[in-house]
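An overview of the molecular structure
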Amino acid sequence: MNQFDVAVIGGGMAGLVAAIDLAQAGKSVVLLEKAGQFGGRAVSAKKNGAIFDLGGHALIRGGATEEIFQDLGIKMEGGSPTPGGSILWNKKITSFLKFIFTQNLSWSAKVELIKFFSKFGKIDADSVPAISLRNWIEQELRDPMVRHIIYALFRVASFVQAPDHQLAGPIIHQLARSLKKNNIVFIQDGWQTLVDQLYEKAVYAGVSMMTGKNVTEIEHDEAVRKIKFADGQEMDITHVISTTPPSVTSRILGDTGSKSVLRWKEQARAIKAANLTLSLKKIPVPNNIQVIGVDQPIYFLNQSKFTRLSEDGTSVVQIIKYNGTGRTDPKADERFLEQMMDLIQPGWQKEVVARQYLPKIVVAYDYMHLDREDRFPGPAVPEIAGLYVAGEWATHGEMLSDAATASGRRAARCVLKDMETGRKNEQKRILI
Ligand SMILES: Cc1cc2nc3c(=O)[nH]c(=O)nc-3n(C[C@H](O)[C@H](O)[C@H](O)COP(=O)(O)OP(=O)(O)OC[C@H]3O[C@@H](n4cnc5c(N)ncnc54)[C@H](O)[C@@H]3O)c2cc1C
């Protein structure tokens, strides 16, 4: 196989960003993806004229993804939801404002909620101590109903259903960004448009793009030596960025290969969801556009209300059940989501044109939580020279795709810095 300066394993958002950055800095790079296409969990599929992302995706402006995409010249066209939406409580759907200003909330609860929203955007998330989201909410808010509402908003903003473990600071930052006007963007024609643009940038920058390359081993001693593939091929290499999930990175290193990677794998708490995406001929209750479950861990969205996701006027809607880290039953979750659809959009079954059910989709392989012994994993793997990690689990505070793109860029920069230091040390040796 050809010789490359750097091999990037995994062609999702993290791998694509890392590969582009390295190639633009003049390095010869190969991007190795085991699937038949690039994009990882950011791909979209066409079903009966509708475009389905891999579950409901929204780009939140003001974070790493927007900054990096602007820098790379990636267009992020789409529509933003209007503020408001509805609340699902006690099997009833009520508009957010009506819910707050009727008897659901006591007078003091109304005042507490309004005060909370008026100061929330001004909180400096970086100065929030390392406490759980539950501790933070219970310090800040007294009324149980107000707490319920705020828990639900944090859940929708992060997909995380674990307030006892989730670190408060990063999710405060995420929710504050999400609540800013026009900061949520539903990408027109799906996230595949972002992947396609990244792909083009990578090819243009000179990255060698290889699909169907399942990496089974990174051969190493105290430094990276070789990559081995399932098809029996091998590649000599000195610098590798692995953007595969922590369990895969650990396995291909030979689980005892790096104590740090083993620890990152063991401390990881994946965020999972059950996600039903539907394309509907007609929306039975057009006013139910966004519904946030307060006493149920769900979120419903008629995404087509805000962006184009179909060629023939059908509407693409999402309903998500946020799952914690415990065991879940895919069939029971599907029935539950259908029952929720019966409440939100009665008669929906007759309108279905296409359907995608993802019972246990991993939204993130890890996030910022209290069980992380190393708060910030990577990018460099301390025990193995030339090895780096990225992927949203290697977050340094960012969430979801922001963590994927930021970690990809961080890993690329670290490789470039190490290569530069190595080159200078080599020059010094020659001069001596
Ligand atoms: C349901 C759902 C909803 C989401 N909603 C949002 C949202 O609203 N906003 C947001 O910002 N983000 C959202 N995300 C998260 C976002 O999609 C991810 O953060 C991002 O796509 C992850 O990119 P990645 O490169 O880290 O990982 P991946 O996309 O998983 O890429 C890793 C790649 O590595 C490849 N690979 C694995 N093993 C090997 C191997 N041995 N050899 C070679 N290749 C290998 C995989 O095939 C994959 O392509 C959502 C995700 C899901 C699933």
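The next point concerns the overall build of the protein chain. A count of helices and strands for the protein chain gives twelve helices and 20 strands. Overall, the C-alpha framework of the protein chain stretches about 80 × 50 × 40 Å when taken along its three principal axes. Out of the 432 residues belonging to the protein chain, those deemed buried represent 47%. At a minimum sequence separation of 6, the contacts of the protein chain that also span at least 24 residues come to 72%.

Taken together, 35 residues surround the ligand, and among them G10, G12, G40, G55 and S401 come closest. For the shell around the ligand, the elements supplying multiple residues, two or more each, are α1 (13-24), β15 (271-280), β19 (352-364) and α12 (400-431). Looking at the shell around the ligand, you find at least three residues from each of domain 1 (6-42 + 192-268 + 368-431) and domain 2 (44-61 + 70-80 + 184-190 + 269-364).

What follows is about the sheet that holds strand β1 (residues 6-9). What the five strands build is an open sheet, ordered β10-β2-β1-β14-β20; its pairing is parallel. Taken across any chain shown, the strands that pair with only one partner, and hence form the sheet edges, are β10 (208-210) and β20 (387-389). If you compare each strand with its neighbour and ignore which way they point, the axes differ by 15 degrees on average.

When strand β11 (residues 215-220) meets strand β12 (residues 224-229), the two strands line up antiparallel, connected through five bridges. Within β12, the residue paired with I218 across the bridge is I227. Between β11 and β12, which follow one another and run antiparallel, lie three residues.

Attention now moves to the packing of helix α2 (residues 64-72) against α12. Interaxial distance between α2 and α12 falls to 7 Å at its minimum, and their mutual angle equals 50 degrees. The pairing of α2 with α12 is recorded here as oblique in orientation. Seen from α2, the contacting residues are A64, T65 and I68; seen from α12, they are S401, D402, T405, A406 and R409. Per-class residue counts for the contact of α2 with α12 are three nonpolar, three polar and two charged.

Here we take up the domain arrangement of the protein chain. Entries for the protein chain in the domain assignment read domain 1 (6-42 + 192-268 + 368-431), domain 2 (44-61 + 70-80 + 184-190 + 269-364) and domain 3 (96-179). The C-alpha-based centres of domain 2 and domain 3 are spaced at 24 Å. Taken together, the 15 residues of domain 2 in the interface contact 13 residues of domain 3. Of all the elements in the fold, those that place two or more residues in the side of domain 2 that touches domain 3 are β15, β16 (290-293) and β18 (315-323). Across the side of domain 2 that touches domain 3, the residue classes tally to ten nonpolar, four polar and one charged.

What follows deals with helix α7 (residues 168-179). Relative to the 16 Å expected for twelve residues at 1.5 Å per residue, α7 spans 16 Å between its end C-alpha atoms, a close match to the ideal helical length. Counting buried positions over the twelve residues of α7 gives nine, a clear majority of the element. Of all the residues in α7, the buried ones are A168, G169, P170, I171, I172, H173, Q174, L175 and R177. In this fold, the buried residues of α7 make contact with β5 (59-60), α5 (133-140) and α6 (144-158).

The next point concerns the packing of α1 against helix α8 (residues 192-205). In the contact formed by α1 and α8, the axes pass within 9 Å of each other and the chain directions differ by 25 degrees. As the angle between them shows, α1 and α8 are arranged roughly parallel. Judged by the sense of rotation from one axis to the other, the crossing of α1 with α8 is left-handed. Contact residues: L16, A19, I20, A23 and Q24 in α1; L198, K201, A202 and A205 in α8. For the contact of α1 with α8, the residue count by class is seven nonpolar, one polar and one charged.

Here strand β4 (residues 50-53) shows two buried faces, one formed by A50 and F52 and the other by I51 and D53. Pairing of strand β3 (residues 44-47) with β4, which is carried by four bridges, proceeds in the antiparallel orientation. Residue pairing across strands places S44 opposite D53, the latter belonging to β4.

A word on the nonpolar core. A7, V8, A18, A19, V29 and I241 are the most contacted members of the largest nonpolar core, which totals 119 residues. Examining the composition of this core, we find that nine residues originate from one element, α1, more than from any other. Residues contacting A18, with those up to four places away along its chain left out, are V8, I241, T243, A390, G408, R409, A411 and A412.

Basis of the calculations
- Residues numbered from 1 in each chain as written.
- Predicted model: local features only at pLDDT ≥ 70, side-chain atom pairs only at ≥ 80, totals over all residues.
- Helix = DSSP H or I, 4+ residues; strand = E, 2+ residues; numbered from the N terminus.
- Buried ≥ 20, exposed ≤ 12 C-beta atoms within 10 Å, placed from the backbone.
- Contact = placed C-beta atoms within 7 Å.
- Near = placed C-beta within 6 Å.
- Domains from an automatic or database assignment.
- Pairing = 2+ DSSP bridges.
- Axes fitted to C-alpha atoms, helices over the stretch in contact; angles between N-to-C directions.
- Parallel < 35°, antiparallel > 145°, perpendicular 65-115°, else oblique.
- Nonpolar A, V, L, I, M, F, W, Y, C, P; charged D, E, K, R; others polar.
- Expected span 1.5 Å × (residues − 1).
- Left-handed = near helix turned anticlockwise from the far one by under 90°.
- Core = buried A, V, L, I, M, F, W, Y, C linked by C-beta atoms within 7 Å.

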